[in-house]
Amino acid sequence: MFVPKRHLEEVDFALDFMEFMLKKLKEYLDMDLQLPKLDGITINDLLLTGVENWGLIYFNPKNVLYKGNSSPGLRLNIARTITHQLVHNYFGNLVGISWWNSFWLTEGFASYFEYSFSNYYLEDFPMIDLFVSDLMRRNLVEHSLLMSVSLNKYIEHPEEVFSVFDFGMISRAASTIRMIEHFLGKDTFQKGLQKYLKEMQHLAAEAKDLYRNLQEAADEDHSLPEDIKVEDVLQSWIDQPGYPLLTVIRNYESNEIVVNQQRFLSSRGEVDTEGLSWCIPLSISTARNPNMNDTKPWVWLKEGTREVVLRTSDNLTWGSEDWVLFNVDQTGYYRVNYDTENWILLANHLHQGPPFAIGSINRAQIIDDSFNLAYSDVIPFPLALNIIKYVRFEPDYGVWVAANQHLLSLNRHLEGQSYELFFGRFLQHITEDLFEKLDVFENSNEKDTVKNTLLRPIIVDLACRSRSGKCLTATRIMVTAEALTGHVLAPQEEPSVYYCHGLKNADEKTFQFFWNKFKSLTNEQERAQIAKSISCYRNFDFVYDVLMELATDRFYSLFTVLERFQILITAVRHGNSKVALEFLKANHENISRTFSFNLRMEQTLRELAQNVLDEEVVLYQEVIDILFEAGHISSNQVRRYKLELEYQQTWIEENKLTIEDWIMEYFEPSQSKAANQITYLALIIFSVSVIILSR
């Protein structure tokens, strides 16, 4: 491993892990590395986490350097990065691809195995839970639009190559490969991969080559029904865009279940005119047979078949009072909707608290599917809220990752004058017990599990966002004490969470301490934590000055491009969207040189659309028009940003009062909508009075 001399003591973990993983891959794939040696080198400000050149792997330093006192999250990122690149020695280097539309044969395996294989070394880490939350669920959002394309979309022009390497395509490929492993069975899947590598080594493969070898393994192991063929199954998932929504309708008298499929489209008004269908493996668990380890299909819903009727059998039964659950361990690449009664049965089980018969991945799936269906008007929002309220009893990190995503989304939508009476109150209520239990402000706790260490910053972030006095006071004391003494009090896992909320209400001296500390640091991981928190400071002028320094040519070498964007997007996410808009409006030419208008800027502009307050809407539209006229963004991007903004405003108009009614009923049953509106009006009058009196 080639690193600057000053970092020599920070590569031991990476080297030990690399040696372990090379042996594990050789054992699993029954194939030697086929290289006399393998080198790695760190490259500063590398845009990617790593690049898999055969024999010399490039690494971004922050994804390979590790100090002995660093956080579990950093170990996780290093392990994933190294595993991803090592898998490419086999899938991509040893076996190439015949054309770009087969990219999923390389990136899909590397992206899935970076989680599943890292688990062999990091045994205490919930790697598969993380895969489902980090890749699969995010990808289900990306590919729920009519514009999504198939994995084997044919590439005709060089500029199109980059489109197949975006996050949505890669994570979809990885999710599909995980589904293959589970419907074939792990042993059959492994045997098929070994056959594939032996047959295709030093050649360029196509999808049919993988299908053929997996089918041979399936035939030998009798792991598929005779009428189900690997190629037929996978063509429906690889050759078609999007994915299905299963709708499960139960007859509670006859005990029959009807399952039908249709393409899931999240955007209102979009219609699947092609009538797509898939060959879908259906795994099932019930209250009477809650086997959460059996992910093999109980039945198949074939391509071209719209629905299937299910009845109880000797090994799988259910009654009218039992919940049923489809897609065990969320191994299938689809969403599931149930009739209202079954949603309620699932929610009632969760509300009983631990121990749960439903596994952690499926508990997270229930939250994620219900919220995405609510956002798409398939089910009413109160139904999703009635499910997520159980998380106050939820101890599992993986489930909180899913819950956190939707709670943050609601938090963003429901900010405003009524926040503390309604959603802020609800958010504080569901986090307060865990906030107390985790002892969040301990610098170290030897009894902590890895899951609790990873969970702590999620709970602290939500508690502080809910405006919990305990959380905001403690984080402010934490950053103030560090500024006065130089002693770091923030936990090592995601200290940016503590810095961000602490800085929101800190004084100028504390802010200046952290800004100066950031500029003096040389360790990339330490710099990243302050970059993700410095622009949380609630002072327009000071944050604007920080952004100006980032965009000034003479300070260019002081900051990486990633750090510039991290500081800008943190301002957007933490109440300084107006600062960001004014900065973009007045300095777009300098920003074009120092930041550049790339994919990161596209993400920033999209998040701005989701975070602007009512009084900033006109300013946002003005900024987008200025950037378009200056040639920084395209007309398609303008349409997308304005649609995001329109969706945000429409969603608030249609759902805010309904959600606030539900929250009022949750805390004060039998209160009417009229009472809600009176309280809301009183809050506005009170706020106006405070403003007048403070002048």
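How each quantity is defined
Residues numbered from 1 in each chain as written. Predicted model: local features only at pLDDT ≥ 70, side-chain atom pairs only at ≥ 80, totals over all residues. Heavy atoms only, no water. Patch = residues over 30% accessible without salt bridge, like charges linked within 9 Å, V, L, I, M, F, W, Y side chains within 5 Å. Areas by Shrake-Rupley, 256 points an atom, 1.4 Å probe, with all protein chains shown as cover. Salt bridge = Lys/Arg side-chain N within 4 Å of Asp/Glu carboxyl O. Lys, Arg positive; Asp, Glu negative; His and termini not counted. Charge placed at Lys NZ, Arg CZ, Asp CG, Glu CD. Helix = DSSP H or I, 4+ residues; strand = E, 2+ residues; numbered from the N terminus. Buried < 20%, exposed > 50% of the residue type's maximum accessible area, 1.4 Å probe, protein only. 1 Å grid on protein atoms, 1.4 Å probe; cavity = no way out; pocket = protein on both sides within 12 Å on 5 of 7 lines; lining within 4 Å. Points joined across faces, edges and corners; volume = space filled by probe spheres on them. Pairing = 2+ DSSP bridges. Phe/Tyr/Trp six-rings, centres within 6.5 Å; stacked < 30°, edge-to-face > 60°. Expected span 1.5 Å × (residues − 1). Contact = heavy atoms within 4.5 Å. Axes fitted to C-alpha atoms, helices over the stretch in contact; angles between N-to-C directions. Core = buried A, V, L, I, M, F, W, Y, C linked by side-chain atoms within 4.5 Å.

(A) Up close: a negative patch on the surface. A cluster of acidic residues, E231, D232, D239 and E303, forms a negative patch at the surface. Among the secondary structure elements, D232 is positioned in helix α9 (residues 230–238). For D232, a relative accessible area of 44% translates into the label partly exposed.

(B) Quick look at empty space enclosed by the protein. Enumeration over the complete set of coordinates arrives at 2 cavities of 30 Å³ or more. Approximately 40 Å³ is the volume found for the largest cavity. Lining the largest cavity, in full, are M179, H182, F183, P281, S283, T295, P297, T331 and G332. When residues of the lining of the largest cavity are assigned to their parent elements, the largest contribution, 3 residues, is made by helix α6 (residues 167–184).

(C) Looking closely at a nonpolar patch on the surface. A cluster of nonpolar side chains, W99, W100, Y154 and F165, forms an exposed patch at the surface whose accessible area comes to about 410 Å². Mapped onto the elements, Y154 comes out in the loop between α5 (127–142) and α6.

(D) Examining the sheet that holds strand β2 (residues 50–51) more closely. The sheet built from 3 strands is open, its strands ordered β1-β3-β2 with mixed pairing. With partners counted over all chains shown, the strands left at the sheet margins are β1 (39–42) and β2, one partner each. Two elements, β1 and strand β3 (residues 56–59), share 4 bridges in a ladder whose sense is parallel. Following the sheet pairing, T42 is matched in β3 by F59.

(E) Representation of the packing of aromatic side chains within the structure. Tallied over the full model, the rule gives 48 aromatic pairs. Geometrically, the ring pair formed by F381 and W651 is edge-to-face, given 5.4 Å between the ring centres and 80° between the ring planes. Of this pair, F381 sits in helix α12 (residues 381–388) while W651 sits in helix α25 (residues 635–667), and the two are 270 residues apart along the sequence. Since its relative accessible area comes to 5%, F381 is described here as buried. Aromatic pair F423 and F426: ring centres 6.1 Å apart, planes at 45°, arrangement tilted. Of the two residues, F423 and F426 are both situated in helix α14 (residues 423–437); the distance of 3 residues between them amounts to about one turn of the helix. The same class applies to F423 as to F426, namely buried. Taken together through their ring pairs, the aromatic side chains of Y28, F91, F109, Y112, F113, Y115, F117, Y120, F131 and Y196 make up a single cluster.

(F) Local environment of helix α10 (residues 340–351). The terminal C-alpha atoms of α10 lie 16 Å apart, and with 12 residues this matches the ideal 16 Å at 1.5 Å per residue to within 8%. Turning to α10, its buried residues number three or more, namely N342, W343, L345, L346, A347, H349 and L350. Residues of α10 that are buried in the fold lie against β6 (244–251), β12 (324–326), β13 (335–338), α11 (360–375) and α12. Looking one or two residues past α10, G353 carries a phi angle of roughly 80°, positive in sign.

(G) Geometry of the sheet that holds strand β11 (residues 307–310). With mixed pairing, the 4 strands of this open sheet are ordered in space as β11-β7-β6-β13. Two strands close off the open sheet at either side, each with one partner strand: β11 and β13. This sheet shows a mean twist of 20° between the axes of neighbouring strands, independent of strand direction. In the sheet, β6 pairs with β13 via 4 bridges, with the strands oriented parallel.

(H) Spatial organisation of unusual backbone geometry. Residues P354 and P355 are joined by a peptide bond in cis, for which omega reads 0°. Note that P355 resides in the loop between α10 and α11. We note that D377 has phi near 65°; this positive angle belongs to a residue other than glycine. If you trace the backbone, D377 turns up in the loop between α11 and α12.

(I) Representation of the pattern of salt bridges within the structure. Applying the stated criterion across every chain, the model contains 37 salt bridges. Residue K191 pairs with D221 through a salt bridge whose shortest N-O separation is 2.7 Å. Linking K191 in helix α7 (residues 186–200) with D221 in helix α8 (residues 207–221), this pair joins segments that are 30 residues apart in sequence. Note on D221: relative accessible area 29%, which makes it partly exposed. For R392, the salt bridge goes to D433, with nearest N and O atoms at 3.8 Å. Taken together, the positions of R392 in the loop between α12 and α13 (397–413) and D433 in helix α14 put the pair 41 residues apart, joining distant regions of the chain. By relative accessible area, D433 is classed as partly exposed at 43%. Each of K191, K195, E216, E220 and D221 takes part in salt bridges that share partners, so that together they form one network.

(J) Main features of the pairing of β3. Side chains I57 and F59 of β3 all project onto a buried face; the interleaved residues L56 and Y58 project onto a face where none is buried. Sheet topology note: the β2/β3 ladder contains 2 bridges and is antiparallel. Each residue of the ladder has a partner; that of V51, found in β3, is Y58. Joining the antiparallel neighbours β2 and β3 is a turn of 4 residues, in which G55 adopts a positive phi near 105°.

(K) Structural view of the nonpolar core. Ranked by size, the top nonpolar core spans 217 residues in total, and within it F91, W104, F113, F326 and L410 carry the most contacts. Apart from the residues lying within four places of it in its own chain, the contact partners of W104 are F109, L151, A173, I177, A207, L210, Y211 and I238.

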